[in-house]
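# Notes for the structure review
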Amino acid sequence: MAEVTTEEVKVKEPKEPLFSKKNKKLLTDPLADNNPITIQVLGICSALAITAQLKPSIVMAISVVFVLGIGNVVISLMRNVIPSKIRIIVQLVVVAALVIIVDQVLKAFAYELSKQLSVFIGLIITNCIIMGRFEAFALGNGPWKSFLDGVGNAAGYGLLLIIVAFFRELLGSGTLFGFKVLGDPIEKTGLYAFGYENNGFMVLAPMALITVGIIIWVQRSKNKALIEDH
């Protein structure tokens, strides 16, 4: 009687959808419960420095989304060939190259805005959020997940910049994107006709820190799980 031999059948695991629940969390978590500024307390310097007006804050947010999204992908693709002893240097080279691209594009197409942002575009290189995501995520995950993680964290960072800039420009200058939305403070139209005055303190850097602190307080008051136990 012939022996019956059985061949091992390799069952392929189903591929994870590009936008699975786990992947979506990489995009959505940094917007709220794991925000890099309010929860991880990273990237505070630029939040204080450039949020006096809305336009430069949006440009900075878009710049960081580009740098962190593409940078995470590059580091992820190189993760198996980067010697551990020089990984920080490699990461700095990658982010510096991407920041140079952003800087040159701004100088070519938005020179006045580039001058307004000044050194802060260059300081993206030293942004703790970028180096932190390279180390914590891109070095241990594939390109797609790394891209989502980069875009998510950069979007969370940018969202806070835009919120802070919105209130600082509106209450400090009475404008949004440079347009007078509360009326004319000289001709006393709009709200100024009722005695309203701009709060000059809002355009100073300390008020950015206070605004971020208020956002952190509101966030933790709504979600008690974010309050650290001491």
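Quick caveat, the model's predicted, so the values are computed rather than measured. (Residues numbered from 1 in each chain as written. Predicted model: local features only at pLDDT ≥ 70, side-chain atom pairs only at ≥ 80, totals over all residues. Heavy atoms only, no water.)

## Observations concerning the nonpolar core
- With 34 residues, the main nonpolar core has Met-60, Val-67, Ile-121, Ile-124, Ile-130, Phe-134 and Tyr-157 as its most contacted residues.
- Those elements that provide at least two residues to this core are α3 (54-78), α4 (87-109), α5 (111-117), α6 (128-136), α7 (143-173) and α8 (205-222).
- Ignoring sequence-local partners within four residues, the contact set of Ile-121 consists of Met-60, Ser-63, Val-99, Val-102, Asp-103 and Leu-106.
- Of all hydrophobic cores here, the second largest spans six residues; its members include Leu-54, Ala-165, Leu-170 and Tyr-192. (Core = buried A, V, L, I, M, F, W, Y, C linked by side-chain atoms within 4.5 Å. Buried < 20%, exposed > 50% of the residue type's maximum accessible area, 1.4 Å probe, protein only. Helix = DSSP H or I, 4+ residues; strand = E, 2+ residues; numbered from the N terminus. Contact = heavy atoms within 4.5 Å.)

## Digging into the pattern of salt bridges
- For the coordinates displayed, the defined rule picks out five salt bridges.
- Between Glu-135 and Arg-87 there is a salt bridge, and its shortest N-O distance comes to 2.8 Å. Of this pair, Glu-135 sits in helix α6 while Arg-87 sits in helix α4, and the two are 48 residues apart along the sequence.
- The class of Arg-87 is partly exposed, set by a relative accessible area of 29%. (Salt bridge = Lys/Arg side-chain N within 4 Å of Asp/Glu carboxyl O.)

## Quick word on the UniProt feature "transmembrane region" (unreviewed entry) in the protein
- Those residues carrying the UniProt feature "transmembrane region" (unreviewed entry) are residues 58-77, 89-111, 117-134, 146-167 and 200-218 in this numbering.
- Here residues 89-111 runs as 96% helix and 0% strand, with 30 Å between its end C-alpha atoms.
- Helix makes up 44% of residues 117-134 and strand 0%, and the two end C-alpha atoms of the span are 25 Å apart. (UniProt positions renumbered as here; feature names shortened; annotations may be inferred.)

## Section: a nonpolar patch on the surface
- A cluster of nonpolar side chains, Phe-201, Val-203, Leu-204, Ile-210, Ile-214, Trp-217 and Val-218, forms an exposed patch at the surface whose accessible area comes to about 620 Å².
- Tracing the backbone shows Trp-217 in helix α8. (Patch = residues over 30% accessible without salt bridge, like charges linked within 9 Å, V, L, I, M, F, W, Y side chains within 5 Å. Areas by Shrake-Rupley, 256 points an atom, 1.4 Å probe, with all protein chains shown as cover.)

## Focus on the environment of Val-59
- One can find Val-59 in helix α3.
- Look at Val-59 and you get buried, because its relative accessible area is 16%.
- With 21 residues separating them in the primary sequence, Val-59 and Thr-38 have C-alpha atoms 20 Å apart.
- Residue contacts for Val-59: discarding those within four places in its chain leaves Leu-106, Leu-113 and Leu-117.

## Looking at the environment of Ile-162
- Within the element layout of this structure, Ile-162 appears in helix α7.
- The class of Ile-162 is partly exposed, set by a relative accessible area of 30%.
- Sequence-wise, Ile-162 and Thr-51 are 111 residues apart; in three dimensions their C-alpha atoms are separated by 7.4 Å.
- Each residue touching Ile-162, except ones within four places of it in the same chain, is listed here: Leu-54 and Ile-58.

## With respect to the packing of aromatic side chains
- Within this structure, the stated rule accounts for three aromatic pairs.
- Aromatic pair Trp-144 and Phe-147: ring centres 6.0 Å apart, planes at 25°, arrangement stacked. Here Trp-144 and its partner Phe-147 are both found in helix α7, three residues apart, which amounts to about one turn of the helix.
- Ring centres 5.2 Å apart and planes at 90° place the aromatic pair Phe-166 and Phe-167 in the edge-to-face group. (Phe/Tyr/Trp six-rings, centres within 6.5 Å; stacked < 30°, edge-to-face > 60°.)

## Focus: α7
- For α7, which comprises 31 residues, the first-to-last C-alpha distance of 43 Å matches the rise-based estimate of 45 Å (1.5 Å per residue) to within 8%.
- Of the residues flanking the end of α7, it is Gly-174, one or two places downstream, whose phi is positive at about 75°. (Expected span 1.5 Å × (residues − 1).)

## Overview of the packing of α3 against α7
- For the pair α3 and α7, interaxial distance at closest approach is 8 Å and the crossing angle is 165°. The angle between the axes of α3 and α7 places the two elements in the roughly antiparallel class. For the crossing formed where α3 meets α7, the hand is right-handed.
- For the contact of α3 with α7, a count of residues per class yields 19 nonpolar, eight polar and two charged. (Axes fitted to C-alpha atoms, helices over the stretch in contact; angles between N-to-C directions. Parallel < 35°, antiparallel > 145°, perpendicular 65-115°, else oblique. Left-handed = near helix turned anticlockwise from the far one by under 90°. Nonpolar A, V, L, I, M, F, W, Y, C, P; charged D, E, K, R; others polar.)

## Topic: the side chain of Glu-169
- If you trace the backbone, Glu-169 turns up in helix α7.
- As a buried residue without a salt bridge, Glu-169 has its nearest oppositely charged side chain in Lys-55, at a separation of 8.5 Å.
- If sequence neighbours within four positions are ignored, Glu-169 has contacts with Ala-52, Gln-53, Leu-54, Gly-174, Thr-175, Leu-176, Phe-177 and Gly-178. (Lys, Arg positive; Asp, Glu negative; His and termini not counted.)

## Quick notes on α8
- The end-to-end C-alpha distance of α8, which contains 18 residues, comes to 26 Å, matching closely the 26 Å that a straight helix rising 1.5 Å per residue would cover.
- Of the surrounding secondary structure, the elements contacted by the buried residues of α8 are α2 (44-49) and α7.

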